[in-house]
Amino acid sequence: MKHQKFWMAADAVCEKAADGVQQLSKAAENAAQTARRQLSSMTERSAYQEYCASAEYLRAILGEFEPEVLMILGSGLGFLGDAAEDPIYVDYADIPYFKHSTAPGHRGRFVFGKLKGKNVAIMQGRMHTYEGYSMDEVSYAVRVAHLLGIEKMIVTNAAGAVRDSFAPGDIMLITDHIKLGACSPLTGPNIEEFGVRFPDMSHAYAPALQEIARSCARELQITLREGVYMFFPGPQFETPAEVRVARILGADAVGMSTVPEVITANHCGMDVLGFTLCANMAAGILDQPLTEADVLDAAENAQAHFSALVCACLEKL
C-alpha cells in the first residue's frame, strides 16, 4: 500500500514536471517567434532606409528636377542617354548602397534630363545576376526611382530571337515574360512601403502602354514584333536544348535581364513598357556560334529606328 502511494506521488510529480517543461517549451518558442519577427522587422526597416538614403542623395543633386519616367537601357542601347537635354550625370558608384554595372556596353551611370518633353531618369547600363548580384540588388534602382516619384518605366534589352520568323535587328514589344526558378527580387521580408506581399502580375507590361507602342510603330512605319521574353540567368548563352524548351513554353526571345526590374516595378505599382532588340537568333536556330560582339553590333545597327520608336512612345506617355 505504501509503495502504491509512493508511486502515485511520484507520477504526480512527473506530470507536474512535464507540464512545466511543456510550458517552458511554449514560452521559448513564443520568445523565438517574437525574436524572429523583430529581426525580420529590423532587416526590413534597414533595407528601406538604404533605399531612402539613395533617393535622398539623388534629390540633393537633382534639386527641383523631378523625373517622371525611368528608362533602363540594355546592351549597347545607352545612346539614348546622350540625347537628353540639360543632362545631370550621376555615376552608380557614387550613390550610397548602389551597385555598379560591369557588363560590356553598360556605362554605369544615371542621366537625368529632358527627352521628348518628359523629365527622364535614364540608366545607361544595368546590373545582372551573372555579375554576382542578387535579384533584389539587380532591381535596386527601380525602388529608388519609385521613391523619387517615378510612376512609369521603359525597359529595353538585347536578346536572342527564338521564333523562326524573327530576324536579327527586329524590335519586339514585350507582352509578357517567363521566369522559372525560385529566386525573385521580392524574396525575403516584404517592404510594405513599396507594395503588397503577393503582387498581381496579370499585366506586368501595361496594356495601355503597349497600345501606344503599336500606334507609334505604325506612324513610323517600323515593323514591330510582339512576344514573350524568357529570363535566363547567364552569363553563358542558352544551349540549343534550352532554346527548344523556351519555344515549347511559349517564349519568343531569351535574355539575361529585364524580368527582375519588371517584377519590382509591378510591386511598386509602376506601369511598364518593354522592348527587346533581337540581336541574334538564339542558339541552335542557325549553325553558327553566338558572340558578345554580335549583340553590340546589332544594337549599333538598330540605333536609328530603335531610338525613334522609344522616343515616340516616350512623348506619348
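Since we're looking at a predicted model, the values are computed, not measured.

Take the side chain of N119 next. Mapping N119 onto the fold places it in strand 4 (residues 118–124). Accessibility expressed as a relative area gives 15% for N119, which makes it buried. A polar contact is formed between the side chain of N119 and the side chain of K114, at a distance of 2.7 Å. The contact partners of N119, leaving out residues within four places of it in the chain, are F65, E66, P67, E68, V69, G113 and K114.

Let's shift gears to the pattern of salt bridges. Close approach of charged atoms allows side chains with opposite charge to pair. Scanning all chains against the criterion turns up 10 salt bridges. Across the pair D82 and R109 runs a salt bridge whose closest N-O atoms are separated by 4.0 Å. Remark: R109 occurs in strand 3 (residues 109–115) and D82 occurs in the loop between strand 1 (69–73) and strand 2 (85–91); sequence separation between them is 27 residues. For D82, a relative accessible area of 47% corresponds to the partly exposed category. One connected set of salt bridges, linked through shared partners, spans E211, R214 and E226.

What follows covers the packing of aromatic side chains. Here the distance between the centres and the angle between the planes together describe a pair of aromatic rings. Under the counting rule described, the total for this entry stands at 10 aromatic pairs. Ring centres of Y92 and F110 lie 5.6 Å apart, and the angle between their planes is 80 degrees; on these two criteria the pair is classed as edge-to-face. With Y92 in the loop between strand 2 and strand 3 and F110 in strand 3, this pair connects stretches of sequence that are 18 residues apart. Each member of the pair, Y92 as well as F110, is classed as buried. Site record: aromatic cluster; members linked through ring pairs are Y48, Y51, F65, Y92, F98, F110, F112, Y140 and F194.

Counting residues in each nonpolar core, the largest one holds 52 residues, and the members touching the most others are L58, L70, F98, F110, F112, M123 and M153. In terms of residue count, helix 3 (residues 140–147) provides more of this core than any other element does, six residues in total. Sequence-distant contacts of M153, that is, excluding residues within four places in its chain, are made with L70, I72, V142, E261, V262, A265, M270, D271, V272 and L273. Ranked by size, the runner-up nonpolar core spans 34 residues in total, among them L80, I154, C216 and C313.

Okay, unusual backbone geometry next. Residue P235 follows G234 across a cis peptide bond; omega there is 5 degrees. Tracing the sequence through the fold places P235 in the loop between strand 7 (224–231) and helix 5 (240–249). Even without glycine at this site, Y97 takes up a positive phi of about 70 degrees. Among the structural elements, Y97 can be located in the loop between strand 2 and strand 3. Located in the positive-phi region is Q221, a residue other than glycine, with phi close to 55 degrees.

Moving on, we get to the environment of K152. Of note, K152 is situated in strand 5 (residues 152–161). For the pair K152 and V69, spaced 83 residues apart in sequence, the C-alpha to C-alpha distance is 5.0 Å. Beyond its immediate chain neighbours, meaning those up to four positions away, K152 contacts E68, V69, L70, M270, D271 and L317.

Let's shift gears to the packing of helix 4 (residues 207–220) against helix 8 (residues 303–316). Following both chains from N to C, one finds helix 4 and helix 8 inclined at 125 degrees, their axes separated by 9 Å at the closest point. In terms of their interaxial angle, helix 4 and helix 8 are classed as oblique. As for the relative orientation of helix 4 and helix 8, their crossing is right-handed in sense. In this structure, helix 4 uses I212, A213, S215, C216, A217, E219 and L220 to contact helix 8, whose residues at the interface are A308, L309, A312, C313 and K316.

Our focus in this paragraph is the environment of E151. Position of E151 relative to the elements: it lies in the loop between helix 3 and strand 5. Distance from E151 to A265, taken between C-alpha atoms, is 8.8 Å for residues 114 residues apart in sequence. Contacts of E151, omitting those with residues within four sequence positions, involve E68, M270 and D271.

About the cut-offs
Residues numbered from 1 in each chain as written. Predicted model: local features only at pLDDT ≥ 70, side-chain atom pairs only at ≥ 80, totals over all residues. Heavy atoms only, no water. Helix = DSSP H or I, 4+ residues; strand = E, 2+ residues; numbered from the N terminus. Buried < 20%, exposed > 50% of the residue type's maximum accessible area, 1.4 Å probe, protein only. Polar contact = N/O pair within 3.5 Å; in protein donor to acceptor, adjacent residues only side chain to side chain. Contact = heavy atoms within 4.5 Å. Salt bridge = Lys/Arg side-chain N within 4 Å of Asp/Glu carboxyl O. Phe/Tyr/Trp six-rings, centres within 6.5 Å; stacked < 30°, edge-to-face > 60°. Core = buried A, V, L, I, M, F, W, Y, C linked by side-chain atoms within 4.5 Å. Axes fitted to C-alpha atoms, helices over the stretch in contact; angles between N-to-C directions. Parallel < 35°, antiparallel > 145°, perpendicular 65-115°, else oblique. Left-handed = near helix turned anticlockwise from the far one by under 90°.

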